[in-house]
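# Descriptive structure summary
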Amino acid sequence: MAAGALGWWGVPLGILAGTLRGSVPFLLVSLGECLTEKSGKINLGLEGTLLFGAMSAYAISYLSSGIVGPTLAPWLGVLAAGVAGMVLGAIHGWLSQQPRVNDVAVGIAMIIFGGGLANFFGKPFIQPQAPQLPTIPIGGWSSLDPVQSALQISPLFLLGVAIVPLMSWFFKSTRWGLYVRAVGDSPDAALAMGISIFWVRMASIVGGSFLAGIGGASLSLFYPGVWTERISSGQGLMAVALVIFARWQPWQCLWASLLFGGAQALGPAFQSVGIDSYYYLFNAAPYILTLVIMIITCSPQRTLAGAPGALGKDS
Amino acid sequence: MSDRNRSFRLSRRQVMRGLLATSAFGLTAKFGTGCAQSPSSGGGAAADGAAAEELVVGFIYVGPKDDFGYNQAHAEGAAAMVADVPGIRLVEEASVPETTAVAETMRSMIEIDGAKVLFPTSFGYFDPHILALAEEFPDVQFFHAGGLYQEGVHPKNVGSYFGYIDEAQYVAGVVAAHMSPAGKLGFVAAKPIPQVLRNVNSFTLGARSVNPAATTQVIFTGEWAEPVKEAEATNSMADQGIEVITCHVDSPKVVMETAERRGVMTSGYHADQSPLAPEGYLTGAEWDWSSIYTELGQEFVAGKTLMAGDIPHVLRGGLADNFCKLSPYGPAVSDEAKAGGDAAVAAIESGELVIYQGPLKTNTGDEVLSTDQALKTDNIELEKMDYFVEGVIGSVS
């Protein structure tokens, strides 16, 4: 309340803040999906995982705050969200690798299953307030309140950013990373190497779902910080599309997530300084971006550079 | 792919088995509804006798019942009806989408639970779902929140009720303007439909009755439940130095919590959100369905019906008729603001204050009302509102 209006400076600041706040679920889900798709399977069900993770995190944070205290409870919630994600991932991993089962179809079923499960168990947690994750203020140098509150960074954002080089290194320079890539690019060759395709893919899907579950925790325990049935509003699906945009590169997942997080803040930021025409267009910015990316990157003539060879194929 | 097609062929035995299973399922499902229907129509007397003449009333909500919003307001009203009127049994279903799903819910409430009165509360349930079911079950009464009933066009067993909650928004605007030194107010709105625009305008007119320079910045999120956008909108308003934020979305929880975190004052909507913002909550425009539902419940038990004409088909009212109310003032509210709010409530209830009083201009400069014109709260013109009044920053299209 102390600070006056920022005027036009509010737009870049709003977008910057929106980027830092809104990109966390995109980042974690897209990294998870990146890992999954590198092994040659698609997991569209991450939208459901995101919802179920958000619900689990909120529920556990709320229920355990009386036992372990409000500082530890949200972290327990984050862990619970990851584990909940792994459970859904294990179901997807097992189902999608059955003979003659299509992973996209299973993924769609898992969206509905994860969402339904979250809504079913989440009913009693809509009203109560759960303790939230702490944030790391890095805006202390500024005396302006809007700047300070814009620069509140979630530890989950830092976690996501830290995973990016790790995952990149994992794919490039580790034996296990090679296994994942081999299974994803050429299952036959991997089989000849003596690698179990089933278990590598299972591990990749479960690991990816763990990250997506934590992405859900960031929705319910950081921003916007509530549990409702519509909390994800398609962000899980957008993150899946984003992996294609990022060409299955963890570093590019980071940039793409930042872009999408910032695009979400466009509409409200413009309206708050009085640019109120076309607000539907600005609000739709992330979706339009997804569509444009899909149109630019998809072609029936060629496969995408960087796409895992066995992605979307029967095996 | 060709390999898959070949191996996916079903044997004749499998096909037969599948067909038998589906027809068996279909038959049992048919029998199921048949069985449920017969006691309510044929052996109705026996069933009623066993239930000690309980009247079954069904409530259907579009979202969760405890969302601090629209649905919670209705659910609280329903709970009050059951508590206050003996002889009523409540059946409820939450999170029913505005699709054929609501038709199925209504049908099962009527056929399986034996409901005689239904309250499908969401706006979008009315056409075509309530209308279709009302034709099919002429002895069941349907009450819809939205004021859409048209005499002669819609079935006799449909009634509608709605509150002029913008009266409460006007008072909230008065309180907000007293509390905001710079006169900068914000409104997070879902969609530019008449009810929302009316709330924005009444809030602004209330504020400008105290501080003629006050403005209301409007941000549309585009959907009724869009938590990330609502939080984003609240944050960008806080960045712009807006001092009091109110909203019209399905669940104001995100807006209230985000504003409280940013140290911005809030004014609630739909239900009492003071627990969400213990410091900055000023007051709020709440629905007060308990009195209406209790009244209707007493009439049901007394045997009055819409069909017989004992209950009016359209029930409307504002603050004076207990269709809406204001949240208790929060701790931040000054005595001056409280006095201003109370005076506005008294003036509206007595009818001496007309909110839409000329001269009135839109925020694009067009004249809505000339100096001697006025639109009273129950004027139907107000329900077609498609403009923002002077003082609102935002555009409808």
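Residues numbered from 1 in each chain as written. Chains lettered and ligands numbered in written order. Predicted model: local features only at pLDDT ≥ 70, side-chain atom pairs only at ≥ 80, totals over all residues. Heavy atoms only, no water.

### Considering the overall build of chain B
What counts is decided by this rule: Think of it this way: any DSSP run of H or I at least four residues long counts as a helix, any run of E at least two long counts as a strand, and we number them from the N terminus. Throughout, exposure labels follow a simple rule: accessible area from a 1.4 Å probe, protein chains only, divided by the maximum for the residue type, with under 20% read as buried, over 50% as exposed, and the rest as partly exposed. In what follows, residue pairs with any heavy atoms lying within 4.5 Å of each other are defined as contacts. For the area figures, the Shrake-Rupley method with a 1.4 Å probe applies, and any residue is considered shielded solely by the protein chains shown. In summary, the charge assignment counts Lys and Arg as positive and Asp and Glu as negative, without counting His or the chain termini. Charge placement uses NZ in Lys and CZ in Arg. For Asp and Glu, CG and CD serve respectively.
If you tally the helices and strands in chain B, you get twelve helices and 17 strands. Along the first, second and third principal axes, the C-alpha set of chain B runs to 80 × 65 × 40 Å. Buried positions account for 53% of the 397 residues belonging to chain B. Long-range pairs, those at least 24 residues apart, make up 68% of the contacts in chain B with a sequence separation of at least 6. As displayed, chain B offers around 16400 Å² of accessible surface, 55% of which is attributable to carbon and sulfur atoms. Considering chain B, the positive charge centre built from 27 side chains and the negative charge centre built from 51 side chains are found 13 Å apart.

### Things to note about the sheet that holds strand β6 (residues 184-189) of chain B
All names here are of chain B. Condition: Following DSSP output, two strands are said to pair if at least two bridges run between them. All axes are obtained by fitting lines to C-alpha atoms, using only the stretch in contact for helices, and the reported angles, taken between N-to-C directions, cover 0 to 180 degrees.
Spatial ordering of the open sheet is given by β12-β10-β9-β8-β6-β7-β17, a layout of seven strands whose pairing is mixed. In this open sheet, the two edge strands, each paired with only one partner strand, are β12 (324-326) and β17 (392-393). Taken together, the two bridges between strand β8 (residues 244-248) and strand β9 (residues 265-270) define a ladder with parallel strand orientation. Looking at the pairing, Ile245 lines up with Thr266 of β9. Across the sheet, helix α7 (residues 166-179) lies against β6, β8, β9, β10 (281-287) and β12, angled at about 175° from β10, the strand it touches most.

### Digging into the packing of aromatic side chains
The description of an aromatic ring pair rests on the distance of the ring centres and on the angle between the ring planes. To be explicit about the condition: Aromatic pairs are defined between Phe, Tyr and Trp rings, using the six-membered ring for Trp, whenever the two ring centres lie within 6.5 Å; interplanar angles under 30 degrees are classed as stacked, those over 60 as edge-to-face, and all others as tilted.
In total, this model carries 22 aromatic pairs over all chains according to the counting rule given. When the centroid spacing of 6.3 Å and the interplanar angle of 50° are considered together, the rings of Phe222 of chain A and Tyr223 of chain A count as tilted. Taking 6.2 Å as the distance between ring centres and 25° as the angle between the ring planes, the aromatic pair formed by Phe220 of chain B and Phe388 of chain B counts as stacked. Placement of Phe220 of chain B in strand β7 (residues 215-220) and of Phe388 of chain B in the loop between β16 (374-375) and β17 is noted, with a sequence separation of 168 residues between them. The same class applies to Phe220 of chain B as to Phe388 of chain B, namely buried. Members of the aromatic cluster, each reached through a chain of ring pairs, are Phe59, Tyr61, Phe119, Phe143, Tyr161, Phe162, Trp287, Trp289, Tyr293 and Phe300 of chain B.

### Quick notes on the interface of chain A and chain B
Selection criterion: Buried area is calculated as the accessible area (1.4 Å probe) missing from two parts once they are joined, with the contributions of both summed. We define a salt bridge as a side-chain nitrogen of Lys or Arg found within 4 Å of a carboxyl oxygen belonging to Asp or Glu. Think of a polar contact as two N or O atoms within 3.5 Å of one another; within protein, one of them needs to be a possible hydrogen donor and the other a possible acceptor, and neighboring residues in sequence only count if both atoms come from side chains. Amino acids are sorted into nonpolar (Ala, Val, Leu, Ile, Met, Phe, Trp, Tyr, Cys and Pro), charged (Asp, Glu, Lys and Arg) and polar (every other residue, Gly among them).
If you look at the interface, chain A gives 47 residues, while chain B gives 49 residues. Summed over both partners, the interface of chain A with chain B comes to about 3900 Å²; 49% of that surface belongs to carbon and sulfur atoms. Joining chain A to chain B, the criterion identifies one salt bridge. Counting the contacts that link chain A with chain B gives twelve residue pairs in polar contact (both at pLDDT 80 or more). Looking at the side of chain A that touches chain B, the elements with two or more residues in it are α1 (10-38), α5 (145-150), α11 (250-272) and α12 (279-283) of chain A. Take the side of chain A that touches chain B: its biggest share by element is six residues, from α11 of chain A. A class-by-class count of the residues in the side of chain A that touches chain B yields 22 nonpolar, 17 polar and eight charged.

### As for the packing of helix α2 (residues 46-68) of chain A against helix α9 (residues 197-221) of chain A
Residue and element names in this part refer to chain A. Basically, it comes down to this: An angle below 35 degrees is read as roughly parallel, one above 145 as roughly antiparallel, one from 65 to 115 as roughly perpendicular, and any other as oblique. Working rule for handedness: look at the near helix, and if it is turned counterclockwise from the far one by less than a right angle, call the crossing left-handed; if clockwise, right-handed.
At a minimum axis distance of 7 Å, the contact between α2 and α9 shows a crossing angle of 55°. Relative to α9, the element α2 lies oblique. Where α2 crosses over α9, the two elements pack in a sense that is right-handed. The residues of α9 that touch α2, namely those facing Leu46, Thr49, Leu50, Gly53, Ala54, Ala57, Tyr58 and Ser61, are Ser209, Ala212, Gly213, Gly215, Gly216, Ala217, Leu219, Ser220 and Leu221. Here the contact of α2 with α9 is built from residues that sort into nine nonpolar, eight polar and no charged.

### Observations regarding the domain arrangement of chain B
Residue and element names in this part refer to chain B. Defined as follows: Bear in mind that the domain bounds are from an automatic or database domain assignment.
Entries for chain B in the domain assignment read domain 1 (52-163 + 289-317) and domain 2 (166-286 + 327-393). One C-alpha centre belongs to domain 1, the other to domain 2; they are set 29 Å apart. Listed by partner, the interface residues are nine residues for domain 1 and 13 residues for domain 2. When domain 1 packs against domain 2, the two sides together hide about 850 Å² of surface, and 58% of this comes from carbon and sulfur. Considering only the side of domain 1, the residues that lose the most area to domain 2 are Phe68, Tyr70 and Arg316, jointly responsible for 56% of the buried surface there. Put simply, domain 1 and domain 2 have one salt bridge between them. The closest approach of N and O atoms between Arg316 and Glu383, which form a salt bridge, is 2.6 Å.

### Here we look at the pattern of salt bridges
Residue and element names in this part refer to chain B. Using the criterion set out here, one finds 13 salt bridges over all chains in the structure. Salt-bridge contacts for Asp139 lead to Lys116; the nearest nitrogen and oxygen are separated by 3.5 Å. Placement of Asp139 in the loop between α6 (126-136) and β4 (141-145) and of Lys116 in the loop between α5 (100-111) and β3 (117-120) is noted, with a sequence separation of 23 residues between them. For Asp139, a relative accessible area of 46% translates into the label partly exposed.

### A short note on the sheet that holds β4 of chain B
Think of a sheet as strands paired side by side through backbone hydrogen bonds, with each pair either parallel or antiparallel. Residues and elements named next belong to chain B. The sheet built from six strands is open, its strands ordered β2-β1-β3-β4-β5-β11 with parallel pairing. Edge positions in the open sheet fall to β2 (88-93) and β11 (314-317), since each of these has one partner strand only. Across the sheet, the axes of successive neighbouring strands diverge by a mean angle of 20°, strand direction being ignored. Of the strand pairs in this sheet, β4 and strand β5 (residues 158-163) are connected by four bridges, and their pairing is parallel. Considered in β5, the bridge of Phe142 is made with Val158. The strands touched by α5 are β1 (55-60), β2, β3 and β4; relative to β1, the strand with the most contacts, the crossing angle is about 165°.

### Description of the environment of Met179 of chain B
All names here are of chain B. The topology assignment puts Met179 in helix α7. As for Met179 and Glu243, which are separated by 64 residues in sequence, their C-alpha atoms are 8.4 Å apart. Setting aside its immediate chain neighbours within four residues, Met179 contacts Met265, Leu282, Ala332, Val333, Ser334 and Ala337.

### A closer look at helix α10 (residues 235-245) of chain A
Within α10 of chain A, nine of the eleven residues are buried, leaving the element largely enclosed by the surrounding structure. By the burial criterion, the buried members of α10 of chain A are Gln235, Gly236, Met238, Ala239, Val240, Ala241, Leu242, Val243 and Ile244 of chain A. Check the buried side of α10 of chain A and you find it contacts α1, α2, α9, α11 and α13 (285-297) of chain A together with α9 (227-239) of chain B. Positioned one or two residues after α10 of chain A, Arg247 of chain A has a phi angle of 55°, which is positive.

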